[in-house]
There are 2 protein chains.
Amino acid sequence: MTQQSPHPTLTPEEIRGELKQAGMRPTAQRLTICQYILNQANHPSVEDIKAWVDAKFPGISLATVYNTVHALETAGLVQAIRFDHSDKVIYDRNTEPHFHFLDEDSGTLHDIQSDQVQINLNLPEDIRVNDISILIRGKRQ
Amino acid sequence: MTQQSPHPTLTPEEIRGELKQAGMRPTAQRLTICQYILNQANHPSVEDIKAWVDAKFPGISLATVYNTVHALETAGLVQAIRFDHSDKVIYDRNTEPHFHFLDEDSGTLHDIQSDQVQINLNLPEDIRVNDISILIRGKRQ
DNA sequence: CGCGTATTTTAGAATGATTCTAAATAGAAT
DNA sequence: ATTCTATTTAGAATCATTCTAAAATACGCG
Ligand SMILES: [Mn+2]
Ligand SMILES: [Mn+2]
Ligand SMILES: [Zn+2]
Ligand SMILES: [Zn+2]
């Protein structure tokens, strides 16, 4: 299923804790960005993040958004992904290995947990697989 | 297997024929580009194409390479694909649905025919799948 | 062959996402 | 308060790609 996200909502205090644990100072900018990426957003682009954060924090710089997502990525709190259908990187709070469904009508991405897909690979012996990336495109009827 | 490509080598005359059939004038630039994309190359980027063609056809413009790959794409002679690990579009002479293996050591892409992968999707009833894109990353030991 | 017209090629400018730079600001430590 | 480091910021730079508008070329026809 592309079902309800398994991501618990984090309180501001919990976010603060995650940042500190990652060695990042919990600045107002970062807390706001995390409130969006970790709690509200669904696979947002930097543009999405900037737009949302701008409402709560007018005038935040684009560079800060980039800096922050990079830091969050390094800290392992988000995953950066790029798909064929867009030239923008999207950030994924789901850092577990999983796949994606692109709803071609709405343009929205939805997680597909690994256990919802069974893959049987018939590859040469000498290949060691490190990672599998899957994007399913389709529509809901 | 990521085995030998199922792409027959085309003679210059055959390439000429393909272009005409697609309503494209078989100019020297296009013939040279096709000689590379359709016969020699393995998932080349525009940069790759430009570099190879430049040797046979010094001074060809980058715009022409872009124009030509777009025309070939429209004609259905190649497929444009973008993967996560590079910010460049690559062109694929294999226009059948298929998947890809990225050799992380060499950075090279290899086709995986659809019949070498069995996928069982456990998705909601209301989802109609139009396309599945798979990239397998790994190494050869 | 020689013209007329549509297609193609081309250089260079524009675009857009992202990265870089270097200076200003803020936080933490002493 | 002073110092040191982390963060934020505006703006420039980068890079793949797209666009523009003019020059060159190909092709059909007389
Ligand atoms: Mn979006
Ligand atoms: Mn390449
Ligand atoms: Zn996801
Ligand atoms: Zn391929």
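To be clear, the structure that these remarks concern was listed above.
If you're wondering where the values come from, they're calculated on a predicted model, not measured in any experiment. (Residues numbered from 1 in each chain as written. Chains lettered and ligands numbered in written order. Predicted model: local features only at pLDDT ≥ 70, side-chain atom pairs only at ≥ 80, totals over all residues. Heavy atoms only, no water.)

### Focus on the pattern of salt bridges
Once their charged atoms are close, side chains differing in charge can pair, the charge on each being opposite to the other. Residues and elements named next belong to chain A. Considering all chains together, one arrives at ten salt bridges over all chains under this definition. Across the salt bridge formed by Glu-47 and Lys-88, the nearest N and O atoms sit 2.1 Å from each other. Of this pair, Glu-47 sits in helix H3 (residues 46-56) while Lys-88 sits in the loop between strand E1 (79-82) and strand E2 (89-92), placing them 41 residues apart in sequence. Accessibility expressed as a relative area gives 37% for Lys-88, which makes it partly exposed. (Salt bridge = Lys/Arg side-chain N within 4 Å of Asp/Glu carboxyl O. Helix = DSSP H or I, 4+ residues; strand = E, 2+ residues; numbered from the N terminus. Buried < 20%, exposed > 50% of the residue type's maximum accessible area, 1.4 Å probe, protein only.)

### Things to note about the relation of the copies chain B and chain A
Superposition of chain B onto chain A requires a rotation of 180 degrees combined with a translation of 0.0 Å along the rotation axis, giving an RMSD of 0.0 Å. Put plainly, the chains are arranged around a two-fold axis. When you check the interface residues of chain B against chain A, 100% turn up at the interface there too, and the contact is symmetric in its surfaces. (Least-squares fit on C-alpha atoms with pLDDT ≥ 70 in both. Contact = heavy atoms within 4.5 Å.)

### Points about the coordination of the zinc ion (ligand 4)
Geometrically, a metal with four donors at the corners of a regular tetrahedron has ideal angles of 109.5 degrees, and one with six donors at the corners of a regular octahedron has ideal angles of 90 or 180 degrees. Residues and elements named next belong to chain B. At this site the zinc ion (ligand 4) is bound by His-43 (NE2), Asp-92 (OD), His-98 (NE2), His-100 (NE2) and Asp-111 (OD), with donor distances of 1.9 to 2.3 Å. One chain supplies every donor for the zinc ion (ligand 4), spaced along it as H-x48-D-x5-H-x1-H-x10-D. Of this pair, His-98 sits in strand E3 (residues 98-103) while Asp-111 sits in strand E4 (residues 109-113), and the two are 13 residues apart along the sequence. Using a relative accessible area of 13% as the deciding quantity, one classes Asp-111 as buried. (Donors = N, O, S within 2.8 Å, 3.2 Å for Na, K, Ca; no water.)

### Let's talk about unusual backbone geometry
Residues other than glycine seldom take positive phi values, yet His43(A) does so here, at roughly 50 degrees. Tracing the backbone through its elements, the reader meets His43(A) in the loop between helix H2 (28-40) and H3.

So yeah, pure geometry; function would need other evidence.
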